[in-house]
Amino acid sequence: MKKDRNPWNMLSDEMVETVLAQLPTLDFSRCRFVCKRWSSIINSPTFQTTSHQIFDRRPWFLIFNKQPASVSVYDMEISDWRARLKLPLPTEIRKKPCIPVVSSGGLMCFQSIANSYVVCNPFTGSVRSLPRFRLSKKLRGGWIAMHVPQGSNSYKLFVVCGTWPDMVMKVFSSAENRATWKSLSLRLLTEEHGSWSIWDRGVTVTGKEQQILAYYLTLDGNLVCIDTEKCSIAIYSKLLEGDNFFKMDLVECGGRVFVVVLMETDGASISMKRTLHVWEFDTESAAWKQTSAMPANMSKDYYNNEALITCSGHGEHIMICVNSINGVTSFNHVVIYNIKENTWIDLSPRFGDYNADVTVLLPHSFKPDIKASV
């Protein structure tokens, strides 16, 4: 009898599982195609649990470039760019002028035309086109938030349309048997605040009663919390006075809500550069508290430039893109902030420095998951 010299065949399935579980997500995913045995082990119910116990599973950050449309992948599991990785984005997204609008868990949502959305798993290429909903002309807009519960195979989308008091929230739940959008009639919990509108995409967290809370920023810079179970609204105080909404963005990390702002440090002279600050709203005390400020020596020419802040968060990390919109000294500055370690990492060289053809970079956090279903 010929002796089997393949060392892998001498290992039990449990030992092979332990070895494969120590690889980054992209690498063990590719290992599924090595042989039927490895595919069976990786797809087994115990593999995901084992891999999370052995390896520090971290998110990817996908950076979409509006002009031209392209995507760069930064893998936090290896703390580096996946330079040659081509995401299997479906034709529904590649052929249409779809814009990435929101992400949560292992899923992303794209928008093609008004009130028309596509949900996909960028890791596997699975896709679902959602039904389009209709609105009256006074309910224009559509600022979206997405919620994927941890360990769940379902998701919800929340789209706010209109200007208060003519405002409605549209909700899509993948867990419903019928694929349709439902309308929530919203009401204020606090005193009347007059007319106001949502500024940008929102984030979601789970409340104390296990309800989904959707947070948005208004055009005036107020933080808005929508309780999607009670259909109620709470409006919190401004972080900054004046027209500063384009210099801030909202992110969720580990069930906490943060705002990233481009601002000057208190007491700094007018010649000092502005830098990035991270703030958190404490719902218990109804007050803002500063979490961190990026070291001033990492700042570009922030002070003399108009800038658009775009951010995305996951777990302990926030990716921040500062997009300069000044034609003279245009640039993109990309950094990652670690909340737990209070550290900042500069990733800007990937996109060049003072690029004359600067465009707006849009970061989206994403946790690669083979089983994330649309």
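The name that an unreviewed UniProt entry assigns to the protein is F-box domain-containing protein, with the source organism given as Papaver somniferum.

*Asks:* Looking at this structure, how should I read the overall build of the protein?
*Replies:* From N to C terminus, the protein includes five helices and 25 strands. Counting across all 374 residues of the protein, residues that qualify as buried make up 52%. Working note: accessible area of the protein is about 18,600 Å², and carbon and sulfur atoms make up 50% of it.

*Asks:* Explanation requested: the layout of surface pockets in the structure shown.
*Replies:* One way to see where empty space is left: roll a probe the size of a water molecule over the atoms. Volume-wise, the second largest pocket comes out at about 560 Å³. Elements with a contribution of two residues or more to the lining of the second largest pocket: β13 (203–206), β14 (212–217), β15 (222–227), β16 (232–238), β18 (256–263) and β19 (275–282). When residues in the lining of the second largest pocket are grouped by element, the largest group, four residues, is from β16. When grouped by side-chain class, the residues that make up the lining of the second largest pocket number eleven nonpolar, six polar and eight charged.

*Asks:* Could you clarify how one ought to interpret helix α1 (residues 13–20) in this entry?
*Replies:* Two residues of an α-helix separated by three or four positions point the same way, owing to the 3.6 residues in each turn. Where α1 is concerned, the buried positions are V16, E17 and L20. Summarising the axial view, the buried residues of α1 lie within an arc of 105°, below the 170-degree limit, and thus occupy one face. Where the residues of α1 are buried, they touch α2 (25–30), α3 (36–42) and α4 (45–54).

*Asks:* Teacher, can you tell me more about the sheet that holds strand β4 (residues 99–104) here?
*Replies:* Picture the strands of a sheet paired through backbone hydrogen bonds; they go either parallel or antiparallel. Taken in spatial order, the four strands make up an open sheet running β4-β5-β6-β7, and their pairing is antiparallel. Looking at the sheet topology across the chains shown, the edges are occupied by β4 and β7 (127–129). In this sheet, adjacent strand axes meet at a mean angle of 20° when their direction is disregarded. Of the pairings in the sheet, the one linking strand β5 (residues 107–111) to strand β6 (residues 117–120) comprises four bridges and is antiparallel in character. Bridge pairing in β6 links C109 to V119.

*Asks:* Please clarify how the packing of aromatic side chains should be interpreted in this entry.
*Replies:* The geometry of an aromatic ring pair comes down to the distance between the two centres and the angle between the two planes. Under the defined criterion, the tally for this structure stands at 14 aromatic pairs. Where F28 meets F47, the ring centres are 4.9 Å apart and the plane angle is 75°; that geometry is what we call edge-to-face. Pair noted here: F28 is in helix α2 and F47 is in helix α4, with a separation of 19 residues, a long-range link. Note on accessibility: F28 and F47 belong to one class, buried. Put simply, the rings of Y117, F133, Y155, F172 and W181 pair up and form one aromatic cluster.

*Asks:* What is the right way to read the sheet that holds strand β23 (residues 332–338) from this model?
*Replies:* Read across the sheet, four strands follow the order β21-β22-β23-β24 without closing on themselves; strand pairing throughout is antiparallel. Edge positions in the sheet fall to β21 (307–314) and β24 (343–346), since each of these pairs with one other strand and no more. Strand-to-strand twist of the sheet, defined as the mean angle between neighbouring strand axes without regard to direction, takes the value 20°.

*Asks:* For this particular structure, what's the right way to read the side chain of S51?
*Replies:* Relative to the elements of secondary structure, S51 occurs in helix α4. On the accessibility criterion, S51 (1% relative accessible area) is buried. The contacts of S51, once residues within four sequence positions are left out, are A21 and R57.

*Asks:* Whenever I open this one, the environment of A114 confuses me. Can you help?
*Replies:* Examined against the element boundaries, A114 turns out to sit in the loop between β5 and β6. Sequence separation between A114 and R134 is 20 residues; the distance between their C-alpha atoms is 9.3 Å.

*Asks:* Help me understand the pairing of β19 in this model?
*Replies:* The side chains of a regular strand alternate between both faces of the sheet. Taking burial as the measure, the eight residues of β19 include seven buried ones, the bulk of the element. Where β18 meets β19, six bridges bridge the pair, whose relative direction is antiparallel. The residue bridging M263 from the neighbouring strand is T275, located in β19. Summarising the sheet, β19 and strand β20 (residues 287–293) pair through six bridges and their orientation is antiparallel. Residue pairing in the sheet places D282 in a bridge with A287 of β20. Following β19, the chain reverses through four residues before pairing antiparallel with β20; A286 in that reversal takes a positive phi of roughly 55°.

*Asks:* Looking at this structure, I do not really get the pattern of salt bridges. What am I missing?
*Replies:* Pairing between side chains becomes possible if they bear opposite charge and their charged atoms approach one another. Scanning the entire structure with this criterion turns up seven salt bridges. Of the charged contacts, one joins E77 and R57 as a salt bridge, the two residues approaching to 3.6 Å between their closest N and O atoms. Of this pair, E77 sits in the loop between β2 (70–75) and β3 (80–81) while R57 sits in the loop between α4 and β1 (60–65), and the two are 20 residues apart along the sequence. What makes E77 buried here is its relative accessible area of 12%. Among the ionic pairs, R82 bridges to D75, the shortest N-O distance being 3.0 Å. A relative accessible area of 14% places R82 in the buried class.

*Asks:* What exactly am I supposed to notice about the pairing of β21 here?
*Replies:* With six of eight residues buried, β21 lies mostly within the body of the structure. Taken together, the eight bridges between β21 and strand β22 (residues 317–324) define a ladder with antiparallel strand orientation. By the bridge assignment for β22, S312 is matched with M319. Hairpin connection between β21 and β22: a loop of two residues separates the two successive antiparallel strands, and G315 in this loop has a positive phi of roughly 65°.

*Asks:* It is not clear to me how the packing of α1 against α4 should be interpreted in this structure. Could you clarify?
*Replies:* Packed helix pairs are specified by the crossing angle of their axes together with the interaxial distance, meaning the distance between the axes. Their axes nearest at 9 Å, the elements α1 and α4 cross at an angle of 50°. One element, α1, and the other, α4, form an angle in the oblique class. In this structure, α1 crosses over α4, and the sense of that crossing is right-handed. Taking contact as the criterion, the partners of E17, T18 and L20 in α1 are, on α4, T46, F47, T50 and I54.

Rules of the game
Residue numbers run consecutively from 1 along every chain, following the written order of its sequence. The predicted nature of this model means local features are confined to residues of pLDDT at least 70 and side-chain atom pairs, given and counted, to a pLDDT of 80 or more, with totals for whole chains, interfaces and linings taken over all residues. Side-chain numbers come from the whole structure's heavy atoms, not from hydrogens or water. Segments assigned H or I by DSSP are reported as helices when at least four residues long, segments assigned E as strands when at least two residues long, and all are numbered from the N terminus. When accessible area is computed with a 1.4 Å probe and restricted to protein chains, residues below 20% of their type maximum are described as buried, those above 50% as exposed, and intermediate ones as partly exposed. Working definition of accessibility: Shrake-Rupley area with a 1.4 Å probe, residue cover restricted to the visible protein chains. Definitions used for this entry: grid spacing 1 Å over protein atoms alone; cavity, a set of points where a 1.4 Å probe fits but cannot get out; pocket, an open set with protein on both sides within 12 Å along at least 5 of 7 lines; lining residue, one with an atom within 4 Å of a point. Grid points are joined across faces, edges and corners, and a volume is the space filled by probe spheres set on the points. Basically, the charged four are Asp, Glu, Lys and Arg, the nonpolar ten are Ala, Val, Leu, Ile, Met, Phe, Trp, Tyr, Cys and Pro, and anything else, Gly included, counts as polar. This arc corresponds to the set of directions leading from the helix axis out to the C-beta atoms. Between two residues, a contact is recorded if the distance between any of their heavy atoms is within 4.5 Å. Here a strand pair is declared whenever DSSP counts at least two bridges between the two strands. What counts as an axis is a line fitted to C-alpha atoms, over the stretch in contact for a helix, and the angles between N-to-C directions run from 0 to 180 degrees. Two rings from Phe, Tyr or Trp (for Trp, the six-membered ring) form a pair when their centres sit within 6.5 Å of each other. Planes less than 30 degrees apart are called stacked, planes more than 60 degrees apart edge-to-face, and all others tilted. What makes a salt bridge here is a side-chain nitrogen of Lys or Arg within 4 Å of a carboxyl oxygen of Asp or Glu, nothing more. What sets the label is the angle itself: under 35 degrees gives roughly parallel, over 145 gives roughly antiparallel, 65 to 115 gives roughly perpendicular, and the rest give oblique. For any pair of crossing helices, the crossing counts as left-handed if the nearer helix is rotated counterclockwise from the farther one by less than a right angle, and right-handed if it is rotated clockwise.

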